[in-house]
There are 2 protein chains.
Amino acid sequence: MKIGFIGLGLMGRPMALHLARAGHDLHLWARRPASLEPFREVNARAHISASEVAKHAEIVFTMVADAPDVAQVVLGEGGIVEGAAKGMIVADMSTIAPTAARDIAAKLKERGMSFLDAPVSGGETGAINAALTIMVGGEADVFEKVKPLFEKLGKSVTLIGGSGAGQVAKACNQILTGVGVAAVAEAFNFARKSGVDPARVREALMGGFAYSKILENHGQRMLDRNFKPGFKAWMHQKDLRIVMGEAHSLGLMLPSAAATAQMFNALVGSGMGEEDSISVLKLLEKMSGQE
Amino acid sequence: MKIGFIGLGLMGRPMALHLARAGHDLHLWARRPASLEPFREVNARAHISASEVAKHAEIVFTMVADAPDVAQVVLGEGGIVEGAAKGMIVADMSTIAPTAARDIAAKLKERGMSFLDAPVSGGETGAINAALTIMVGGEADVFEKVKPLFEKLGKSVTLIGGSGAGQVAKACNQILTGVGVAAVAEAFNFARKSGVDPARVREALMGGFAYSKILENHGQRMLDRNFKPGFKAWMHQKDLRIVMGEAHSLGLMLPSAAATAQMFNALVGSGMGEEDSISVLKLLEKMSGQE
């Protein structure tokens, strides 16, 4: 199949390589030529614009930073719609607001094209190991066409609902993981300030209802003082900005997510944005005289 | 062994019965005679006061509602210390503040007696199935003496540290489970208000980093609209009061736990205190016009 892929960063690069290795013809465009280097040894062709990519592909994947980037690369000057034929499918795997995803989907539909919002969780490791969780919003028949390709990238691929539903599921994921990291950090800092070893607490709690993947994995990394990303704090901050923006639009109160979003704001403001989001523990320690 | 047990409520009754069935001589005192009914068929003797229980036992377990109840039954008029010989061990399995536990431990030590704080998690089901998680604070040699008895009540028994450390671990447990329930409720309400099926979201997220026992069990009960306790909202509210009180004393900020504590306050204030703590979902629905 002729596949376009735009957005060859930490996540996009290994994802595009999985598709090439599965025997598909890759068509690429990248702002920085260096991003194309890893594709010299696979069946891939570089183009001068996103619209040129769209001319040569039946489906284009995008994996960029935020909603304005998706809008630019899909709808902007030299963007996908300029080169695309009717029937083209755009599968956006970036994390953007559900409202932005629905808006782009509507604009593509007017032009006889289809859009899937298909954000992922699992981070760089998940992308490298083709073990991502992929949450998809869009029409069922379009989903069925792209599903075999998604399955080259992830181990869990779910059509959540109509347009935007994938982004809603991703927002829920970022609420649960963000609040989860904050709660484990709060509990560990509470234990330590009380003179109790957080490692013993974690061990005792692992077998009960307090068990979570976050307590197991992120909790262990907190104990190891390993703050390397993983998932960068500024990205989690961005995702919680999306969540809180949706809460505002929907007229919805999200108290624990709101408290967590404030911590991630402070984390980035304290210069720890490039560290893993578990650095929220260091923020709490700083605020309680435990540096 | 001669064992006293005081506090024969929903939790204490099955726990005391496990000890009787393990062949120990039970000595009981209860404010309400009806609480003694289930003990007619086991080897148990009722007494007229906690101090009388203490006269006949080598170790007394207490399982009551809150710190003042523990203080009363241990140190008050007609309490355990009035009847106890030196070397007596009191194992308190109630959930109380770590500071209160340390205070009682110190007062018993002055009298040549020992105290373990040994709060549990796992709820009534855990008590009935002898599957509790037991988090213990106190001296190691005292813990070793009582450990075989704890093992009749729970499947995970951990000495966390010195006096109060069991209560600190329990407080951490209540942070993680309380914030966990709030986060899942927020995510589900967010999905529904966005027009997305929370059941599909839960399914997609179960395999990733958002996985928690709370998402699995409590999440499913939210989807089933099964708000029967389980663990009553007013009890979780009480436990978070302890957590926030400790945070105040320690000079510690717990943002996500604080937001959750506020929700539990509102839950009890809305007349849902006797329901399961997952009723926080109903509170969020009410606040977003989704009743």
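Along each chain, residues carry numbers from 1 onward, in the same order as the chain's sequence is written. Working convention: letters from A go to chains and numbers from 1 go to ligands, in the order in which they are written. In keeping with the model being predicted, local features are shown solely for residues with a pLDDT of at least 70 and side-chain atom pairs are shown and tallied solely at 80 or more, while totals for entire chains, interfaces and linings include all residues. As a rule here, side-chain values come from all non-hydrogen atoms in the structure, and water together with hydrogens is ignored.

Chemist: Any chance you could explain the nonpolar core here in plain terms?
Modeler: If you look at soluble globular proteins, the nonpolar side chains tend to sit buried side by side. To form a nonpolar core, buried Ala, Val, Leu, Ile, Met, Phe, Trp, Tyr and Cys residues must be joined to one another through side-chain atoms within 4.5 Å. Accessible area is worked out with a 1.4 Å probe on protein chains only. A residue is then buried under 20% of its type maximum, exposed over 50%, and partly exposed in between. If you look at the biggest cluster of nonpolar residues, it comprises 90 residues, and the most contacted ones within it are Leu205(A) and Leu205(B). Two residues qualify as a contact provided that any one of their heavy atoms is within 4.5 Å of a heavy atom in the partner residue. Non-local contacts of Leu205(B), meaning those with residues more than four positions away in its chain, are made with Met135(A), Ala169(A), Cys172(A), Asn173(A), Leu176(A), Ala210(B), Tyr211(B) and Leu215(B).

Chemist: Looking at this structure, how should I read the domain arrangement of chain A?
Modeler: Note on interface size: it is often stated as the accessible area lost on association of the parts. All names here are of chain A. Start and end positions for the domains come from either an automated domain assignment or a database one. Each assigned domain of chain A is listed with its residue range as follows: domain 1 (2–161) and domain 2 (168–287). Taking only C-alpha atoms, the centre of domain 1 and the centre of domain 2 are 29 Å apart. Put simply, buried area is the surface a 1.4 Å probe can reach on two separate parts but cannot reach once they are joined, added for both. Summing both sides of the interface, domain 1 and domain 2 together bury roughly 990 Å²; the carbon and sulfur share of this comes to 61%. Taken as a group, Thr95, Pro98 and Met135 account for 42% of the area that domain 1 buries against domain 2, more than any other trio of residues on that side. Here a salt bridge means any side-chain nitrogen of Lys or Arg lying within 4 Å of a carboxyl oxygen belonging to Asp or Glu. Summed over the shared surface of domain 1 and domain 2, the result is 1 salt bridge.

Chemist: Help me understand the interface of chain A and chain B, please; the structure alone is not making it clear to me.
Modeler: Contacts between the two partners involve 61 residues from chain A, matched on the other side by 61 residues from chain B. Roughly 5,200 Å² of surface becomes buried between chain A and chain B when both sides are summed, with 75% attributable to carbon and sulfur atoms. Contact with chain B buries surface across chain A, with Leu176(A), Phe190(A) and Phe209(A) losing the most and accounting together for 15% of the total. Joining chain A to chain B, the criterion identifies 0 salt bridges. Any pair of nitrogen or oxygen atoms within 3.5 Å is treated as a polar contact; in protein, a donor-acceptor pairing is required on top of that, and neighbouring residues in sequence qualify only through side-chain atoms on both sides. Across the contact surface, chain A and chain B share 8 residue pairs in polar contact (both at pLDDT 80 or more). Contributions of two or more residues to the side of chain A that touches chain B are made by strand E8 (132–137), strand E9 (154–161), helix H8 (165–193), helix H9 (198–205), helix H10 (213–223), helix H11 (233–250) and helix H12 (255–269) of chain A. Note on conventions: DSSP H or I runs of at least 4 residues are helices, E runs of at least 2 residues are strands, and numbering of each starts at the N terminus. Here the side of chain A that touches chain B gets 19 residues from one element, more than from any other, and that element is H8(A). Amino acid classes used here: Ala, Val, Leu, Ile, Met, Phe, Trp, Tyr, Cys and Pro are nonpolar; Asp, Glu, Lys and Arg are charged; the rest, including Gly, are polar. Here the side of chain A that touches chain B is built from residues that sort into 38 nonpolar, 16 polar and 7 charged.

Chemist: Just checking my understanding: could you explain the environment of Ser270(B) for this structure?
Modeler: All names here are of chain B. As for its position among the elements, serine 270 is in helix H12 (residues 255–272). Using a relative accessible area of 34% as the deciding quantity, one classes serine 270 as partly exposed. Along the chain, serine 270 and leucine 283 lie 13 residues apart, while their C-alpha atoms are 8.1 Å from each other. One polar contact links the side chain of serine 270 to the main-chain carbonyl oxygen of alanine 266, over a distance of 2.6 Å.

Chemist: Any chance you could explain the relation of the copies chain A and chain B here in plain terms?
Modeler: Both copies of the chain are related by a screw-like operation: a rotation about an axis and a shift along it. Least squares is the method for superposing the copies, and the C-alpha atoms it fits come from residues with pLDDT of at least 70 in both. Screw-axis analysis of chain A against chain B gives a translation of 0.0 Å along the axis, an RMSD of 0.0 Å, and a rotation angle of 180 degrees. The superposition of one copy onto the other is thereby described by a two-fold rotation axis. Every residue of chain A has its C-alpha some distance from the rotation axis, and the shortest such distance is that of Ser212(A), at 1.9 Å. The share of interface residues of chain A whose copies in chain B are also at the interface is 100%, consistent with both copies meeting through the same surface.

Chemist: Whenever I open this one, the pairing of strand E2 (residues 25–29) of chain B confuses me. Can you help?
Modeler: Residues and elements named next belong to chain B. A pair of strands counts as paired when DSSP detects no fewer than two bridges linking them. Alignment of strand E1 (residues 2–6) against E2, held across 5 bridges, turns out to be parallel. Residue pairing for E2: isoleucine 3 is matched across the bridge by leucine 26. When the strands point away from the viewer and the path from the first strand over the helix to the second turns clockwise, the crossover is right-handed. Handedness of the E1-helix H1 (residues 12–21)-E2 crossover: right-handed. As paired elements, E2 and strand E3 (residues 44–46) share 3 bridges and run parallel to each other. Across the sheet, histidine 27 pairs through a bridge with arginine 45, a residue of E3.

Chemist: Whenever I open this one, empty space enclosed by the protein confuses me. Can you help?
Modeler: Unoccupied space between atoms shows up once a probe the size of one water molecule is rolled over them. The rule is simple: put a 1 Å grid over the protein atoms alone, call a set of points where a 1.4 Å probe fits but cannot get out a cavity, call an open set with protein on both sides within 12 Å along at least five of seven lines a pocket, and count a residue as lining if it has an atom within 4 Å of a point. Grid points are joined across faces, edges and corners, and a volume is the space filled by probe spheres set on the points. Counting across every chain of the model gives 3 cavities of 30 Å³ or more. Taken as a whole, the largest cavity spans an internal volume of roughly 230 Å³. As for the largest cavity, its lining consists of 22 residues, and the residues nearest its centre are Gly180(A), Ser212(A), Leu176(B), Gly180(B) and Ser212(B). Secondary-structure elements contributing two or more residues to the lining of the largest cavity are H8 and H10 of chain A together with helix H8 (165–193) of chain B. Considering each element in turn, the lining of the largest cavity owes the most residues, 6 residues, to H8(B). Its residues assigned to classes, the lining of the largest cavity shows 17 nonpolar, 5 polar and no charged. Its volume calculated, the second largest cavity comes out at about 40 Å³.

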